[in-house]
Amino acid sequence: MPISTLGTLAVVLVFLSCIATVAFSVRGVLLRSERWVEAGVQALHATFAAAAFASALLVYAFLVGDTSIQYVAHNGDPAMPVFYKVTAFWGSLDGSLLFWVLLSSLFASLAVAANRHRHRELIPHAVAVLGIITGFFAGLIVFMKNPFEPFLLEVPSKGRGLNPLLQNAYMIVHPPSLYLGYVSMAVPYAFGMAAMITGQVDDAWQRSVRRWVLFSWLFLGVGLVLGGLWAYEELGWGGYWAWDPVENAGLLPWLTCTAFLHSVMVQERRGMLKVWNLVLVIVSFLLTIVGTFLTRSGVVQSVHAFGEDPALAWTFGAFMLVIVVASFGLLVRRLPLLRSRGEMESIVSREFAFLVNNWLFLSAALFVLFATLYPTLREWAGMFVEWAARRWPATFGGIEPPTRVTIGPPFFNHWMRPVGLALLFLTGFGPLVAWRRTTPANLVRQFRMPLVVGSITIAVPAAFGVDSPWGLACFGLCGFTFWTIVQEFVRGVAVRRRNRPQPVWEALLGLFVRARRRYGGYMVHLGVVLMFLGFAGKSYDLERKVTVHPGETVQLGKYEVRHDGLRATTDWQKDMITADLTILRDGEVVAQLHPARWWYFQMPEQPTTEAARYMTIAEDVYAAMQDADMTTGWTRLALFVNPLVNWVWIGFVVMLIGGLVCIGTRREQLTDRVGGGHRG
Amino acid sequence: MALSVGTKMVLGLALVGSVGYLALSDTGQGVLEYVYVEQVVDRPEDFADRTIKVHGTVVPGTIRQKRGSTGDYRFVIEHAGKRLSVHYTNLVPDTFQEGGEVILTGRLSADGTVFESDEMTAKCPSKYEEEQGVDLKETR
């Protein structure tokens, strides 16, 4: 049997298996029959097995180069290295949907297997919801976007291959990482829905899902940062974040996940914010669907969008509408059960800091969402007005349709900068104020040193000539927050050493072992501070665009860039022109840079820019070659000095480690409070 | 004890104040009107003296480039049968090519005949498949 037929059968099996999952589970609930519930669980596992089989087939088709399959013919190239062949599986729309289904069925199976003995009553409902979500994507594959679709007439002999821009190590990890983040949000959502359906909206459902949210949050973060690194190294414009719609699509659920991870602590400690937590889980899940939708439908044009497809857009739209109506409908029905146990007592309290944190994260997410969709909404409004004017010329004839607009980075930066700084402040402030209320004396004791350090970190860069108020504010808050974290570690270590004399490193390790979630969280905060240090550096970066000939030297801030010559070379994949640059500082050679342009044989009309950079902990000297002429030697260069940019990546690694520490928290440690007692 | 009315009012005012401040200090930079070539050519007076984005296709054979300068291009873009001359002074993205779609940011010259631009987004006509190309790459 040809792979295309076998593969099509496999995806149909996935779809049928999803239907069976939902049907068995619902029947199990209605009949109160353990056996049907169990059948639903088994069908869910079967879904995963079928999806794994289909995915393996598609990978196999790429490996053997079965170009009778359209998807393989378009995205595969026999000359590609093996790992690009494997990753070509999710490189384009149809295959990425199959990848969605594979992950979603895998996570569903894992989550259900892990929780089956604990929350028995939630299971059939969660299984049904997961079956519906997976089934939606499986249905898209079966009815609209089958990656196993064969060519009907002639079969081309050679695939076109993966876009060379995407043949990059980060690009192998970036999309699947975002996908892991997107898809794993389905699990918390399913358990949240199960809790609302059964009316068991106490804290049990959250215990099943907190780790999943953390997992999703981690992978979204990895995906976002790798996307940034890719843009920084591959696109040659010297930056890493441009508020591109698809970048935003990954950021949105990350923001709401972050909010949830904080507010869930308030529910745990004070029994407050229950409705809020459910809302955040629903919104996060919706945003992952929006993210998939934005990436895959081409509704908003962007670097990554795969192309316009109105039928797909409508289907996604309908699915999202169903989610919104079902989720919020249920939430409203369950409102009486979700009454808060505690009350807000003071604005100088941990609860209130958490609440403000939540407002900021959620409003940031909604703002970015709205600004991302605004141009599209406006366009739709324009189309509607034009249609109405044709239909009812008497009433609507005179109305000018709204013009199209675009929203660029300056707008996002203007609104998001203060939100970011406020969040940075809370990162330092929140963990140091007490639950319920804080006394003025306590406030002074906690914040005296951080304020001193913050003032120093404003004064020092100012003395060195940083004049951007945003940059200075960011430096100041970095210093402030950094010190609050240091203070917590110092105190924790001191308490442990007082209780039992031991070396400092042992006490420090002890903190992580005994109170992982708390100190892991501080570590995440430390990573945030370091990342913001990198953002602050952006406020005094330097950019020059120059044309130089070999032998000439241009000034770039305190550096000199000397053009030593051009080289033209060829390998089995591409032609290359490389510029040899020498970076000097005070007459001393500090680095050799080799920015290049590559022309892949498979896509000669679209050369790629290979930026080069001289990395230090303080700044990057970054060079991209725009154009070059081998006969005359003139070379056009974009040169940048990016201060502190590497702290963004370093900070993220710290954040990642902190997140992994938290995720390893054992259940019985969740309420552990070690190193406590020093707080009021 | 819940939060007092006074506290809530102060919080509300702080919120309204900061959002209001942000709204007032927003220069509108970043939000740009987006039009097609024919709209500009038909009514140049509507677009005088402000930055806009213009969308069109680069007419093949019109790209002229000043040697030795840092990205000094002249070319013609067209859409719906109307043409507009462009003077572009920046680096071009990798995806810029004759016959390709571009979105240019800039303003119209005083006499309304030339579009002065220094920012370009070029659409790539092929990413994976010819009919599915919506690949944008930006220079800044």
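Cut-offs and rules
Note on numbering: residues in each chain are counted from 1, in written sequence order. Each chain takes a letter, starting from A, and each ligand takes a number, starting from 1, following the order in which they are written. Totals for whole chains, interfaces and linings use every residue, but because this is a predicted model, local features are given only for residues with pLDDT of at least 70 and side-chain atom pairs only at 80 or more, for both listing and counting. Helix and strand definitions follow DSSP, with helices as H or I runs of at least four residues and strands as E runs of at least two, each counted in order from the N terminus. Exposure classes come from backbone-placed C-beta atoms, where a residue is buried if 20 or more other C-beta atoms lie within 10 Å of its own, exposed if 12 or fewer do, and partly exposed in between. By the convention adopted here, residues are in contact when the distance between their C-beta atoms, placed from the backbone, does not exceed 7 Å. The size measure is the radius of gyration over C-alpha atoms, and the globule rule it meets is 2.2 Å times the number of residues to the 0.38 power. By definition, two strands form a pair when at least two bridges between them are found by DSSP. With its strands directed away from the observer, a crossover is right-handed exactly when the path from the first strand over the helix to the second travels clockwise. Under this scheme, a helix contributes an axis fitted over its contacting stretch, all axes are lines through C-alpha atoms, and angles between N-to-C directions fall in the 0 to 180 degree range. These domain boundaries are the output of an automatic or database domain assignment. On a scale of 0 to 100, pLDDT captures the predictor's confidence in every residue.

Caption draft 1: Main features of the overall build of chain B. Looking only at helices and strands, chain B has two helices and eight strands in total. The order of α-helices and β-strands along chain B, N terminus first, is α-β-α-β-β-β-β-β-β-β. Relative to its 140 residues, chain B shows a buried fraction of 34%. Pairs at least 24 residues apart make up 46% of the contacts formed inside chain B by residues separated by at least 6 positions.

Caption draft 2: View of the overall build of chain A. Of the regular secondary structure elements, chain A holds 20 helices and eleven strands. Here the C-alpha radius of gyration of chain A, 27 Å, is about what a compact globule of 680 residues would show, namely 26 Å. In terms of principal-axis extent, the alpha carbons of chain A reach across some 80 × 80 × 70 Å. Relative to its full complement of 680 residues, chain A shows a buried share of 51%. Sequence separation of at least 24 residues holds for 74% of the intrachain contacts in chain A that already meet a minimum separation of 6.

Caption draft 3: Quick peek at the pairing of strand E4 (residues 73-79) of chain B. Residue and element names in this part refer to chain B. In this sheet, E4 lies alongside strand E2 (residues 52-58) in antiparallel orientation, the contact comprising two bridges. Bridged to Val-58 within E4 is Ile-77. In this sheet, E4 lies alongside strand E3 (residues 64-65) in antiparallel orientation, the contact comprising two bridges. For Arg-64, the partnering residue across the bridge sits in E4 and is Arg-74.

Caption draft 4: Here's a closer look at the pairing of E2(B). Residue and element names in this part refer to chain B. Counting buried positions along E2 yields six of seven residues, so the element is predominantly enclosed. Pairing analysis gives four bridges linking strand E1 (residues 31-36) to E2, with the strands arranged parallel. Directly across from Tyr-34, in E2, lies its bridge partner Lys-53. Viewed along the sheet, the connection from E1 through helix H2 (residues 37-42) into E2 turns out right-handed. The sheet contact formed by E2 and strand E6 (residues 101-108) spans six bridges and is antiparallel. If you follow Gly-56 over to E6, its bridge partner there is Val-102.

Caption draft 5: Main features of unusual backbone geometry. Notably, A:Leu644 is not glycine yet its phi reads approximately 60°, a positive angle. Tracing the chain through its elements places A:Leu644 in the loop between strand E11 (635-643) and helix H20 (646-663). Phi at B:Ala80 is positive, roughly 50°, even though this residue is not glycine. With respect to the helices and strands, the residue B:Ala80 is situated in the loop between E4 and strand E5 (82-88). Residue B:Ala80 is classed as exposed on the basis of its 11 C-beta neighbours within 10 Å.

Caption draft 6: Focus on the sheet that holds E11(A). Residue and element names in this part refer to chain A. With antiparallel pairing, four strands are arranged side by side in an open sheet as E2-E11-E10-E9. Every other strand in the sheet has two partners, leaving strand E2 (542-548) and strand E9 (612-615) as the edge strands with one partner each. Adjacent strand axes in the sheet meet at a mean angle of 15° when their direction is disregarded. Note: E2 against E11, seven bridges, orientation antiparallel. Among the inter-strand pairings, Thr-547 is bridged to a residue of E11, identified as Arg-636.

Caption draft 7: Inspection of the domain arrangement of chain A at higher detail. Considered domain by domain, chain A is made up of domain 1 (1-167), domain 2 (172-339 + 350-390), domain 3 (391-528) and domain 4 (542-644). Computed over C-alpha atoms only, the centres of domain 1 of chain A and domain 4 of chain A are separated by 44 Å.

Caption draft 8: Broad picture of the environment of A:Ala88. All names here are of chain A. For Ala-88, the location among the structural elements is in the loop between helix H4 (82-87) and helix H5 (93-115). By the C-beta count within 10 Å, which is 27 here, Ala-88 ends up buried. Remark: the alpha-carbon pair of Ala-88 and Phe-62, spanning 26 residues in sequence, is separated by 7.6 Å.

Caption draft 9: Expanded view of the confidence of the model for chain A. All names here are of chain A. Averaged over chain A, the pLDDT score is 86; the fraction of residues at 70 or greater is 93%. Low pLDDT, under 50, characterises residues 302-307; the stretch is placed with 24 contacts to residues that sit more than four places away or in other chains. Across residues 668-680, confidence stays below pLDDT 50; counting only partners more than four residues off in sequence or on other chains, it has 24 contacts.

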